[in-house]
Amino acid sequence: MSSENTLDDEDTFKILIATDIHLGYLEKDAIRGNDSYTTLDEILKCAKTNQVDFILLGGDLFHENKPSRRCLHSCITMLRRYCMGDTPIQFNILSDQTVNFNTTQFPWVNYQDENLNISIPAFSIHGNHDDPTGAEGLCALDLLSASGLVNHFGHSQSVERIEISPILMQKGSTKLALFGLGSIPDERLYRMFVNNQVTMLRPKEDQDEWFNLFTIHQNRSKHGPTNYIPEQFLDEFLDLVVWGHEHECLIAPTRNEQQLFYVTQPGSSVATSLSPGEATKKHIGLLRVKGRKMNLQKIPLKTVRQFFIQDVVLADYQDLFTPDTPQVTKKVENLCYAKVTEMLEEAERERLGCPLTPEKPLIRLRVDYSGGFETFNTSRFSQKFVDQVANPKDLIHFLRRREQKEDIKDEVNLDYGKLLKTSAVEGLRVEDLVKQYFEATEQTVQLSLLTEQGMGKAIQEFVDKDEKDAIEELITYQLERTQRHLQARGVTTEEDIDAEIRRFRDSKKNTTEEENEIKEAINRAKAHRLERGNEPADSDISNELALDSDEGSAPFAPPTRGRGGRGRGGRGRGRGATASEPKPAGRGRSQKSSATTQSRSIMQAFQASSQRSSRTADEVIIDDSDDDMPVMKATRPPPRTASASSSFTKSSSQSQSQSCRGVSFDDSDDEDPFKGPSHRSRR
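Residues numbered from 1 in each chain as written. Predicted model: local features only at pLDDT ≥ 70, side-chain atom pairs only at ≥ 80, totals over all residues. Heavy atoms only, no water.

1. Here's the deal with helix 7 (residues 328-351)
Move 1: Taking 1.5 Å as the rise per residue, helix 7 with 24 residues should run 34 Å; its terminal C-alpha atoms sit 35 Å apart, in good agreement.
Move 2: Within the span of helix 7, buried status applies to V328, V332, E333, L335, C336, K339, V340, M343, L344, A347 and R351.
Move 3: Where the residues of helix 7 are buried, they touch strand 16 (307-313), strand 17 (362-368), helix 8 (378-382) and strand 18 (396-399).
Move 4: Directly after helix 7, the chain includes G353, whose backbone phi takes a positive value near 85°. (Helix = DSSP H or I, 4+ residues; strand = E, 2+ residues; numbered from the N terminus. Expected span 1.5 Å × (residues − 1). Buried < 20%, exposed > 50% of the residue type's maximum accessible area, 1.4 Å probe, protein only. Contact = heavy atoms within 4.5 Å.)

This is how it looks when you write it as structure tokens:
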């Protein structure tokens, strides 16, 4: 913009917006190890150059739940270099900060701390990668918050009801209400929205004078019936929603015609998967807010590694070869060589004049060999480009179109490759795979005692956070609950037991009771680990494929540690449960023996339940105020006196419409970035 400096007056908020930085991604990789650190340095340098009022991060600052020492050291170093200084802060906080920053023993914004000298405050919610875990409910952001470098907000400690209290800011005559909600499992948050258990608080006075900015870190695209958050669930009084977690850069604000607010999706600043969404050019945003009007300027990132992806369907090249053509595999390999060479030449042209762009690009060629074609040796093919690309092991990915699902007669003869679309596997999580497996199998090999959600969550904890006892504790806990239920009902015959178990299991599916059982089992597993002193290994070991990756051809992980993807799906441990864990009924057996063994084991467990010694309640005391991550409440200093503007009124999803919105977006080069209609019509 030609005169943007003259328009940055004492009434204009300047906010740098970024999400999904994934600091520490592939930090052990010889080529890509520094990518995330270099890009964060560029983002913070951009904030200092543009003299922003504050930085707003939309979650997933760290790629790992337990970042390595190198990762934390680099992050702290950069935040100290760019965010500390003598530059005065031009805005004030009007809300009750003990409510806004409820996860720290220093419940006030960092620039108001007399022991710190902050020039650019950074506000961040947590994502699904760096979410709070453990008995204390802490995350990596809490370390930065305690050190005074980042203001962590948007952490909900209740699983029954969520109240989102905004950080109220004022700069000159402009009033800004900053709402934030850290990552919560999508299915649970979806259900809470449906049950009107999510409330956004608003100032009681002068509600129409506040610009309402909301930061969220959830699935925006639909991954299942309830595995996302529809935009229509959010309150209509909002002006702009900054949507994290989705990695595709769609930073230009789009208007929701039903709720009449705008949504910006900055996307990730580093490609963590070789999928089409990551190939979009990466940007961050410079948001200006003056009164009730806004302007978002897109800033391209120059240090991001180039990524090119292309799809090749071999059946479309019948003029060159068919499956019956002599030496067809060699001809297919030559075609792939030509396609990769084209992408490398395009990358070289784009990199001219951009010295900050890494030299070796990411290249992905997805080859659909449906129709009778054969694959070739990808390792030998990749050796031709080992000095030209950053991902030689992931260069070629073969896939087939989904075939028609056949009648599944026996689980032993089940073709697991036919159960899932190849294109859908790229975005699946571990619990999604568990759920789809049981949806595809027939009734005789379904879980009878456990629920699919519970088993998927336990496996996810095992993969994501190295909770080795999660699966065993879930089975033990649900078995105890089922035994007590059968004893209370007084059933004794095998037929009655089977029927009652099915009724008891179905009555809990997709309910709060099921979530509480899963949470209790996970808490038990964490408590056992803490009792043994068996803290998971340090996250230094991180040169495996990250959870957003869509295939398994990335660098191999050490066998002692695994990762999974909670957010966008991915790979984790190559192993399942330990040998001592009970297996679901019917696995690897015929239908008849499965049912017999299942009934016998349930009967034996029921008859022997009175002789078993269960854990006493005084072994471990855990505050289960949050779902799968208990929180230990810390003693805080007396709350500061809140101004009159910190009083709130509740606003449900049925918020009253406003008479004046005045929010506009303009990314042109005109002199006035705050132009646009002063009123928006409501339907």
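2. Comments concerning the packing of aromatic side chains
Move 1: Taken as a whole and judged by the stated rule, the model has 19 aromatic pairs.
Move 2: Seen in terms of ring centroids, Y317 and F321 are 6.5 Å apart; in terms of plane orientation they differ by 25°. Their pairing is stacked.
Move 3: Looking at F321, the relative accessible area reads 2%, which means it is buried.
Move 4: Consider the rings of Y337 and F385, whose centres lie 5.1 Å apart with planes at 40°: the pair is tilted. One end of the pair, Y337, is in helix 7; the other, F385, is in the loop between helix 8 and strand 18, and 48 residues separate them in sequence. (Phe/Tyr/Trp six-rings, centres within 6.5 Å; stacked < 30°, edge-to-face > 60°.)

3. A short note on the nonpolar core
Move 1: Judged by nonpolar contacts, the single largest core of 35 residues is most densely connected at I55 and F62.
Move 2: Those elements that place two or more of their residues in this core are strand 1 (12-18), helix 2 (35-49), strand 2 (54-57), helix 3 (69-83), helix 5 (140-146) and strand 14 (283-290).
Move 3: At seven residues, the largest contribution of residues to this core is made by helix 3.
Move 4: Here I55 is in contact with L16, L44, A47, C83, I120, P121, A122 and F123, once residues within four sequence places are set aside.
Move 5: Ranked by size, the runner-up nonpolar core spans 29 residues in total, among them I15, I125, C249 and M294. (Core = buried A, V, L, I, M, F, W, Y, C linked by side-chain atoms within 4.5 Å.)

4. Topic: unusual backbone geometry
Move 1: A positive phi is found at L26, a non-glycine position, where the angle reads about 50°.
Move 2: Classification of L26 as buried rests on a relative accessible area of 4%.
Move 3: Even without a glycine there, the phi angle at Q327 is positive, about 55°.
Move 4: Following the sequence through the fold, Q327 ends up in the loop between strand 16 and helix 7.
Move 5: The exposed category is assigned to Q327, whose relative accessible area is 66%.

5. Some remarks on the sheet that holds strand 16
Move 1: Here three strands make up an open sheet; going across it, the order is 16-17-18 and the pairing parallel. Lying at the two open borders of the sheet, with one neighbouring strand each, are strand 16 and strand 18. Geometrically, the sheet is characterised by an average inter-axis angle of 20° between neighbouring strands, direction not taken into account.
Move 2: In the sheet, strand 17 pairs with strand 18 via four bridges, with the strands oriented parallel. (Pairing = 2+ DSSP bridges. Axes fitted to C-alpha atoms, helices over the stretch in contact; angles between N-to-C directions.)

6. So, the confidence of the model for the protein
Move 1: Confidence in the prediction for the protein averages 78 pLDDT; 69% of positions are at 70 or higher.
Move 2: Contacts from residues 652-671, a stretch scored under 50 in pLDDT, to residues over four places away or in other chains number 69 contacts.
Move 3: For the stretch residues 675-683, pLDDT sits under 50, and the model shows 28 contacts to residues farther than four places along the chain or on other chains. (pLDDT = per-residue confidence, 0-100.)

7. So, the sheet that holds strand 10 (residues 210-217)
Move 1: Ordered in space as 3-7-8-10-11-13-12, the seven strands form an open sheet in which the pairing is mixed. A single partner strand is all that each edge strand has here, and the edge strands are strand 3 (92-93) and strand 12 (250-255).
Move 2: Where strand 7 (residues 167-171) and strand 8 (residues 174-181) come together, five bridges link them in antiparallel fashion. When the sheet's bridge partners are listed, I167 is paired in strand 8 with L178.

8. Points about the pattern of salt bridges
Move 1: The tally for this structure, following the rule as stated, stands at 18 salt bridges.
Move 2: A salt bridge links K45 to D41; its shortest N-O distance comes to 3.9 Å. With K45 and D41 both in helix 2 and four residues apart, this pair spans about one turn of that helix.
Move 3: Since its relative accessible area comes to 18%, D41 is described here as buried.
Move 4: Across the pair D206 and K175 runs a salt bridge, and its minimum N-O distance is 3.8 Å. (Salt bridge = Lys/Arg side-chain N within 4 Å of Asp/Glu carboxyl O.)

9. Some details on the packing of helix 12 (residues 470-489) against helix 13 (residues 494-508)
Move 1: The contact between helix 12 and helix 13 brings their axes to 11 Å, and the two run at 120°. By the angle between their axes, helix 12 is oblique relative to helix 13. As for the relative orientation of helix 12 and helix 13, their crossing is right-handed in sense. Residue-level inspection shows R481, T482, H485, L486 and R489 of helix 12 in contact with helix 13, the latter providing I497, E500, I501 and F504.
Move 2: Partitioning the contact of helix 12 with helix 13 into residue classes produces four nonpolar, two polar and three charged. (Parallel < 35°, antiparallel > 145°, perpendicular 65-115°, else oblique. Left-handed = near helix turned anticlockwise from the far one by under 90°. Nonpolar A, V, L, I, M, F, W, Y, C, P; charged D, E, K, R; others polar.)

10. Observations regarding the pairing of strand 9 (residues 198-203)
A regular strand places its side chains so that they alternate between the two faces of the sheet.
Move 1: Counted residue by residue, strand 9 has six buried out of six residues, so it is predominantly covered.
Move 2: Because side chains alternate across strand 9, one face comprises the buried residues V198, M200 and R202, and the other comprises T199, L201 and P203, equally buried.

11. Re the pairing of strand 16
Move 1: With seven bridges joining them, strand 16 and strand 17 adopt parallel strand pairing. Among the inter-strand pairings, F308 is bridged to a residue of strand 17, identified as I363.
Move 2: For the crossover from strand 16 across helix 7 to strand 17, the handedness is right-handed. (Right-handed = clockwise from strand over helix to strand, strands pointing away.)

12. Points about the environment of L474
Move 1: Mapping L474 onto the fold places it in helix 12.
Move 2: C-alpha of L474 to C-alpha of A458: the two residues are 16 residues apart in sequence and 6.9 Å apart in space.
Move 3: In contact with L474, not counting residues within four places along its chain, are L450, G454, M455, A458, I518 and A521.

13. Some remarks on the packing of helix 2 against helix 3
Axes are the key here: two packed helices are described by the angle between their axes and the distance separating the axes.
Move 1: Relative orientation of the contacting elements helix 2 and helix 3 amounts to 15°, with a least axis distance of 9 Å. By the angle between their axes, helix 2 is roughly parallel relative to helix 3. For helix 2 against helix 3, the interelement crossing comes out right-handed. Residues Y37, L40, D41, L44, K45 and K48 of helix 2 form the contact with helix 3, whose participating residues are R70, C71, S74, M78, L79, R81, Y82 and C83.
Move 2: For the contact of helix 2 with helix 3, the residue count by class is eight nonpolar, one polar and five charged.

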